[in-house]
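# Coordinate inspection notes
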Amino acid sequence: MSISRRTARTVRILGVASASAALALSAAGSALACDISEFSAEAKCDGGKGVIVVTDKDASRTPATISVFLENNNADARPVGKPQKVKGSATGTTVTFAEDWQPNAIYRIHVKAGGKLVDADIKPNLTTPSTACKTETPTTPAGPSKPATPAPSKTPSQAGTPTPSASQSSTAPAGTASNAPSPAAGDSNLAETGAGSNTGLIAGIAAALVVVGGGAVFFGLRRRGANSGR
C-alpha cells in the first residue's frame with residue numbers, strides 16, 4: 001500500500017509539472033504567434049508628397065504581405081501600388097506606399113502572414129488627415145547685384161569730327177556724272193537767250209521792214225516836195 005501511495009503521489013507531481021509546462025509553452029507560443037493587432041498604418045507627408053506607412057511589430061518575424069486599397073462607398077476603388085513583403089520586429093518594421101492622398105480619404109490595409117495564420121484587415125480603416133500635404137517650393141537665393149555699365153566715352157577722333165549738315169550730306173558730288181541725256185544745241189540756245197534758234201531770222205526780217213518803211217517815207221516826202229515846187 002505504501003508503494004502504491006508513493007507511486008500515485010509521484011504521478012500526481014509529474015502530472016502537475018507537465019500541465020504547468022504545457023501551459024507555459026502554450027503561453028509562450030501565443031506570445032510569439034503573429035497577430036493582426038501587431039500591425040498599424042498611418043498617412044504621412046514626405047517632402048510635400050503623401051505616403052502611407054504600415055508598421056509590423058510581430059516579434060516572431062513571420063513574413064507578411066501588405067496590400068493597400070483606396071476605398072469609395074465601402075468598396076475598393078483601386079489598389080495603391082503593389083503589395084509589399086515585410087518581416088516584423090519587436091521594435092517595429094515599416095513599409096511605405098507612395099500615395100498622393102487627399103484629405104479625409106479612406107484606405108483599407110490588408111495583412112496576410114503565416115499562410116492562414118493572419119488574413120485580415122487592419123481595423124479600423126485608415127482615414128487621412130483633413131489637410132493635404134504642402135508642396136515645398138524651392139527658394140532661389142538672390143545673387144549679387146550687377147554694377148551699372150558706364151556708357152562708352154567718345155574717342156578724340158570721334159569728338160573732333162564735325163557732323164555733316166543736311167544740305168552737305170544731300171548735295172551730290174561735283175564730279176558725279178548725271179544719267180540724264182545731254183540737251184540739244186537748240187535747247188541750249190533757248191536756255192541761254194530766252195528764244196529759239198529762229199531769233200536771228202526774225203530780227204533780220206524786222207530790220208528789212210524798217211529799212212523798207214524808211215525808204216517809203218523818204219520817197220513820199222520827196223514826192224510831196226516836188227509837187228509843192230510846181
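Counting restarts for each chain, with residues numbered from 1 along the sequence as it is written. With the structure being a predicted model, the display of local features is reserved for residues of pLDDT at least 70 and the display and counting of side-chain atom pairs for 80 or more, all residues being used for whole-chain, interface and lining totals. The side-chain numbers reported here are obtained from all heavy atoms of the structure, hydrogens and water having been left aside.

## What to know about the overall build of the protein chain
In this description a helix means any DSSP run of H or I spanning at least four residues, a strand means any run of E spanning at least two, and both kinds are numbered starting from the N terminus. The helix and strand inventory of the protein chain stands at 5 helices and 9 strands. Ordered by position from N to C terminus, the α and β elements of the protein chain give α-β-β-β-β-β-β-β-β-β-α-α-α-α. Partly exposed residues are those whose accessible area sits between 20% and 50% of the maximum for their type, while under 20% is buried and over 50% is exposed, using a 1.4 Å probe and protein chains only. Counting only residues that meet the buried cut, the protein chain has 18% of its 230 residues in that class. In what follows, residue pairs with any heavy atoms lying within 4.5 Å of each other are defined as contacts. When contacts within the protein chain are restricted to residue pairs at least 6 apart in sequence, those whose partners lie at least 24 apart make up 61%. Per-residue and other accessible areas follow the Shrake-Rupley method at a 1.4 Å probe size, with only the shown protein chains counted as cover for residues. For the protein chain, the accessible surface area stands at approximately 17,600 Å², while carbon and sulfur atoms represent 59% of it.

## Points about the confidence of the model for the protein chain
Caution applies to low-pLDDT parts of the model: their predicted coordinates are not meant to be read in detail. Taken residue by residue, the protein chain gives an average pLDDT of 75. The fraction at 70 or more is 56%. Every residue is assigned a pLDDT by the predictor, reflecting its confidence on a scale from 0 to 100. Low pLDDT (under 50) marks residues 169-178, which in the prediction has 0 contacts with non-local residues, meaning those over four places away or in another chain. The low-confidence segment residues 183-195 (pLDDT under 50) makes 4 contacts with residues lying over four places distant or belonging to another chain.

## Description of the state of the cysteines
In this description, a disulfide is simply a cysteine sulfur pair whose atoms lie within 2.5 Å. Going through the model one piece at a time under the given rule, you end up with 1 disulfide. A disulfide bridge connects Cys-45 with Cys-133, and the sulfur atoms are separated by 1.9 Å. Taking the torsion about the S-S bond as the criterion, the Cys-45 to Cys-133 disulfide, at about -90°, is left-handed. Taken as a pair, Cys-45 in strand β1 (residues 39-46) and Cys-133 in the loop between β9 (126-127) and α2 (156-160) lie far apart in primary sequence, 88 residues in all.

## Section: the pattern of salt bridges
Put simply, a salt bridge is a Lys or Arg side-chain nitrogen that is within 4 Å of an Asp or Glu carboxyl oxygen. In total, this model carries 5 salt bridges according to the counting rule given. Arg-108 is the partner of Glu-71 in a salt bridge, and the nearest nitrogen-oxygen pair spans 3.9 Å. Taken together, the residues span a long stretch of sequence, with Glu-71 in strand β3 (residues 63-71) and Arg-108 in strand β7 (residues 106-113) at a distance of 37 residues. You can call Arg-108 buried: its relative accessible area is 16%. A salt bridge links Asp-76 to Arg-108; the shortest N-O distance between them is 2.7 Å. Residue Asp-76 is located in strand β4 (residues 76-79), and its partner Arg-108 is located in strand β7; the two are separated by 32 residues in the primary sequence.

## A short note on the sheet that holds strand β6 (residues 93-98)
Two strands are counted as paired when DSSP detects at least two bridges linking them. Pairing is antiparallel across the open sheet formed by 3 strands, whose spatial order is β1-β2-β6. The open sheet is flanked by β1 and β6, the only strands paired with a single partner. On average, each strand axis in the sheet is inclined to that of its neighbour by 25°, with strand direction left out of account. Where β1 and strand β2 (residues 49-56) come together, 8 bridges link them in antiparallel fashion. In the strand pairing of β2, Phe-39 is matched with Asp-56. To obtain an axis, a line is fitted to C-alpha atoms, over the contacting stretch when the element is a helix, and the angle between two such axes runs from 0 to 180 degrees between their N-to-C directions.

## Description of the side chain of His-110
Checked against the element boundaries, His-110 lands in strand β7. Under the rule applied, a polar contact is a pair of N or O atoms within 3.5 Å (in protein, one hydrogen donor and one hydrogen acceptor; residues adjacent in sequence only if both atoms are side-chain atoms). Separated by 3.4 Å, the side chain of His-110 and the backbone oxygen of Ala-120 make a polar contact. Within the local environment of His-110, its side chain forms a polar contact with the side chain of Asp-121, the two groups lying 2.6 Å apart. Not counting chain neighbours up to four residues away, the residues in contact with His-110 comprise Thr-65, Ile-66, Ser-67, Asp-119, Ala-120 and Asp-121.

## Observations concerning the side chain of Asp-56
Note that Asp-56 resides in strand β2. Despite its burial, Asp-56 pairs with no opposite charge; the closest candidate is Arg-61, at 8.3 Å N-O. Engagement of the side chain of Asp-56 in a polar contact is seen with the backbone nitrogen of Gly-88, the distance being 3.0 Å. The residues touching Asp-56, leaving out its near neighbours within four places in the chain, are Glu-38, Phe-39, Thr-62, Ala-64, Val-86, Lys-87, Gly-88, Ser-89, Gly-92 and Thr-93. We treat Lys and Arg as the positive residues and Asp and Glu as the negative residues; His and chain ends play no part in the count.

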